[in-house]
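Coordinates in review
Next come the chains, spelled out residue by residue.
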Amino acid sequence: WDPFNVDLHRLAVPPEFDRLKALFNGAVFRAAGDIQHFRVVLVSTETNEQQHTWAIARVYSTETAIWGDRISTPLPSKLPIKSHMYFNMGVLVGHSLYWLFNDRSTKTLLLDGILEFDLEKQILAVKPVPVGIPKENMCRFQVMRAEGGGLGILFLSNFSAQLWKVETDCDGAASWVLGRTVELDKLLSIDSRKKRKWHQNIEGFAEYNNVLLLRTPTDLFMIQLEPLQFKKVSKTKKWARYHPFESVYAAGERALVVDMMELNFCTIHKMIDQMDMLL
């Protein structure tokens, strides 16, 4: 759905993506160097006859108007048989799409790993998450483009946001390192009397500008990570869902992109207000 041009596309979902059997998620992106066509990637899980759980993916192209072949990779063996996986928002970093995932069959929000779909090689892979950080709440994590490029993860820890990134040493070994920490209590001027009841969740993420939509018990904030700044969008809506919408302009017009994105967040929120009134 393109809300600016009122352009809506409906796609028939492939039969192996059955929400009654397993949750699935997806991402939309434009084909490189092409302003006419876009692609949709769906990811989910399935358990084969040998009782092994696999991540699966298929790609749809508006150029051919068909779904591509099924792509799969085994999930970590530590996960239980017939795992019910949940994937969060997909983010494009370089030439790959990434999703954080967890096993819902354990009835927890424990973060289990990162699913990578390489758009050029058309392969799926599972990557580990940073070691040594609490992984009990998926709503406090967001995969993102790290500062300086490459894969990164944002982790909300109490009253701060930790920005982790993948670095490669001289031997080619990749590992997670903590890059920067943003003190949210100081940025958002949180009253010390409210800290005891204060908690936050990630409600949306605009990947091209690294802008975070953060929900607190009372307010909804939009936080831009580079450069660091914030804006209060509205009061928190208990049952609302938020979808960031970014318009892509030339690199020299970065400020215009951010301004338009702020407008889109507010517009969608006003639409939700109107829907609440109708209900």
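This text follows the structure it describes.
Right, let's walk through the structure included here.

Basis of the calculations
- Residues numbered from 1 in each chain as written.
- Predicted model: local features only at pLDDT ≥ 70, side-chain atom pairs only at ≥ 80, totals over all residues.
- Heavy atoms only, no water.
- Helix = DSSP H or I, 4+ residues; strand = E, 2+ residues; numbered from the N terminus.
- Contact = heavy atoms within 4.5 Å.
- Core = buried A, V, L, I, M, F, W, Y, C linked by side-chain atoms within 4.5 Å.
- Buried < 20%, exposed > 50% of the residue type's maximum accessible area, 1.4 Å probe, protein only.
- Phe/Tyr/Trp six-rings, centres within 6.5 Å; stacked < 30°, edge-to-face > 60°.
- Lys NZ or Arg CZ within 6 Å of the ring centre and 35° of its normal.
- Polar contact = N/O pair within 3.5 Å; in protein donor to acceptor, adjacent residues only side chain to side chain.
- Pairing = 2+ DSSP bridges.
- Axes fitted to C-alpha atoms, helices over the stretch in contact; angles between N-to-C directions.
- Salt bridge = Lys/Arg side-chain N within 4 Å of Asp/Glu carboxyl O.

1. Description of the side chain of Thr 73
You can see Thr 73 is positioned in strand S5 (residues 71–74). Residues within four places of Thr 73 in sequence aside, it is in contact with Trp 54, Ala 55, Leu 115, Leu 124, Ala 125 and Val 126.

2. Considerations on the nonpolar core
With 32 residues, the main nonpolar core has Leu 100, Ile 114, Leu 154, Leu 184 and Ile 223 as its most contacted residues. Considering each element in turn, this core owes the most residues, five residues, to strand S12 (residues 151–157). Setting aside its immediate chain neighbours within four residues, Leu 154 contacts Arg 140, Phe 141, Gln 142, Met 144, Ala 161, Gln 162, Leu 163, Ile 202, Leu 212 and Leu 225. Residues Ile 71, Phe 87, Phe 101 and Leu 119 belong to the second largest nonpolar core, which totals 17 residues.

3. Focus: the environment of Gly 149
In this fold, Gly 149 is placed in the loop between strand S11 (141–145) and S12. The sequence separation of Gly 149 and Lys 165 amounts to 16 residues, and the corresponding C-alpha distance is 8.9 Å.

4. A few points about the packing of aromatic side chains
Under the criterion given, the structure shown has four aromatic pairs. With 5.8 Å between their ring centres and 75° between their planes, Phe 17 and Phe 24 make a pair best called edge-to-face. Here the two residues Phe 17 and Phe 24 agree in accessibility, since each one is buried. Here the guanidinium or amino end of Arg 19 rests over the ring plane of Phe 24, the centre of that ring lying 4.5 Å away.

5. Thoughts on the side chain of Asp 219
One can find Asp 219 in strand S17 (residues 219–224). Take Asp 219: its relative accessible area is 11%, and that puts it in the buried class. Of note is the side chain of Asp 219, whose polar atom sits 3.1 Å from the side chain of Lys 232. In this structure, Asp 219 is in contact with Leu 214, Lys 232, Ser 234, Lys 235 and Thr 236, ignoring residues within four places of it in sequence.

6. Thoughts on the sheet that holds S17
Read across the open sheet, the four strands follow the order S15-S16-S17-S18; overall the sheet is antiparallel. Each edge of the open sheet carries a strand with a single partner, namely strand S15 (201–206) and strand S18 (229–235). Taken over all neighbouring pairs, the strand axes of this sheet differ in orientation by 20° on average, direction set aside. Note: strand S16 (residues 211–215) against S17, five bridges, orientation antiparallel. Each residue of the ladder has a partner; that of Leu 212, found in S17, is Ile 223.

7. Overview of the pattern of salt bridges
Scanning all chains against the criterion turns up eight salt bridges. Between Glu 167 and Lys 165 there is a salt bridge; the shortest N-O distance is 3.7 Å. For Glu 167, a relative accessible area of 38% puts it in the partly exposed group.

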